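Spelled out from the first residue to the last, the chains are:
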Amino acid sequence: MRKKIVAGNWKMNKLQNEAKTLVNQVVDLLQNSNLSDDKRVIFSPPSLYLESVSLITNKEAFISSCSQNIYFENSGAYTGELSAAMVKSVGCEYTLVGHSERRALFHETDIILAKKVSCAIVQGVAPIYCCGELLAERKSKKHYDIIQAQIEGGLFHLSEDEFSNIIIAYEPVWAIGTGETASSDQAQEMHAFIRGLVAAKYGNTASDNLTILYGGSCKPANAAELFACPDVDGGLIGGASLVAEDFVKIIDAL
Ligand code: PEP
């Protein structure tokens, strides 16, 4: 069954008390929302707060926590890094892999991301694999090639069984934090393209069951239109996930 998901990526924002307040406010506001096993909410706080956020979300049936990043080894001399096993041990069920900021600022390649994806799956942490093209790549009409390379490079080493753990987030880099959103037609086109790639590699059942999120300046004002697209199964939300009322309005648009 394909799940609909709204995930909030807080990036490097919020102090500890603010993080607790935000997650509690959202959980309180969600008491009136009709979440169910096929409609989930995910919080991706800074790793320092993963345990305290997980303690709150794990009491809720359809709300989960997500790491913003993991390293591709389980333990060892990797100063400053966190493993999938570690985030799992504090109650975290998901991890972002390959957010465009990690690709651009921390030089993460598809080869590195493929290892992170595998490590997460082995530890029972579901990867939310991010892909997206730059503005120049879209303008030069290379966006489909770029997305295909990112999907193949980061994910297509997986077996069909392993792939069933994957969530994909399509986040055009030119729309992240810019206030510029992809139109619903642009989002639908690319999501359908991604689903087609997955169908060709893993078959129709895998592609029908795959959740594909849209990310990039998604807000209360445009969420419903984006989520109404047949291949858009929810959103990965940055800025608007930092304000409880806005985040809940986006969730209610699912
Ligand atoms: C993101 O960083 O994943 C994102 C989608 O950010 P924003 O919603 O702020 O564009």
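These lines cover the structure that appears in this document, whether it is placed above or below. Just so we're clear, the structure is a prediction, and the values are computed from it rather than from any experiment.

## What to know about helix 9 (residues 184-202)
Given a rise of 1.5 Å per residue, 19 residues ought to cover 27 Å, and the 26 Å separating the end C-alpha atoms of helix 9 matches this to within 8%. Among all positions in helix 9, only S184, A187, Q188, M190, H191, I194, R195, L197, V198 and Y202 are buried. With its phi angle positive at about 100°, G203 sits one or two positions after the end of helix 9.

## Details of the site of the ligand
K11, H99, E171, G177 and S217 are the nearest of the 14 residues found near the ligand. Taking K11, its side chain carries an N or O atom lying 2.5 Å from an oxygen atom of the ligand. Within the backbone of S217, one N or O atom sits 2.7 Å away from an oxygen atom of the ligand. Protein chains bury 95% of the 290 Å² of accessible surface belonging to the ligand in isolation. Each residue belonging to the shell around the ligand can be placed in one class, and the counts come to four nonpolar, eight polar and two charged.

## Concerning the side chain of R103
Tracing the chain through its elements places R103 in helix 4 (residues 100-105). For R103, a relative accessible area of 16% gives the class buried. Side chain to side chain, R103 and D110 meet in a polar contact 2.7 Å long. With near-sequence residues (within four places) excluded, R103 lies in contact with G98, E108, D110, L113, Y129, C130, C131 and Q150.

## Quick word on unusual backbone geometry
Backbone geometry follows two general trends: most residues other than glycine have a negative phi, and most peptide bonds adopt the trans configuration. For H107, which is not glycine, the phi torsion reads 55° and is therefore positive. Along the chain, the position of H107 falls in the loop between helix 4 and helix 5 (110-122). According to the relative accessible area criterion, H107 is exposed, its value standing at 62%. Positive phi, normally seen in glycine, also occurs at S217, with a value near 55°. Examined against the element boundaries, S217 turns out to sit in the loop between strand 7 (211-215) and helix 11 (220-227). On the accessibility criterion, S217 (15% relative accessible area) is buried.

## Re the packing of aromatic side chains
Tallied over the entire structure, the rule returns eight aromatic pairs. A centroid spacing of 5.9 Å and a plane angle of 55° characterise the contact between F43 and F247, whose relative ring orientation is tilted. With F43 in strand 2 (residues 39-44) and F247 in helix 12 (residues 244-252), this residue pair connects regions lying 204 residues apart in the sequence. For the pair F43 and F247, a shared accessibility class is recorded, and that class is buried. Ring centres of Y144 and F193 lie 4.8 Å apart, and the angle between their planes is 65°; on these two criteria the pair is classed as edge-to-face. With Y144 in helix 7 (residues 143-155) and F193 in helix 9, the pair connects residues that are 49 residues apart, well separated along the chain.

The rules behind these values
Residues numbered from 1 in each chain as written. Predicted model: local features only at pLDDT ≥ 70, side-chain atom pairs only at ≥ 80, totals over all residues. Heavy atoms only, no water. Helix = DSSP H or I, 4+ residues; strand = E, 2+ residues; numbered from the N terminus. Expected span 1.5 Å × (residues − 1). Buried < 20%, exposed > 50% of the residue type's maximum accessible area, 1.4 Å probe, protein only. Near = heavy atom within 4 Å. Polar contact = N/O pair within 3.5 Å; in protein donor to acceptor, adjacent residues only side chain to side chain. Areas by Shrake-Rupley, 256 points an atom, 1.4 Å probe, with all protein chains shown as cover. Nonpolar A, V, L, I, M, F, W, Y, C, P; charged D, E, K, R; others polar. Contact = heavy atoms within 4.5 Å. Phe/Tyr/Trp six-rings, centres within 6.5 Å; stacked < 30°, edge-to-face > 60°.

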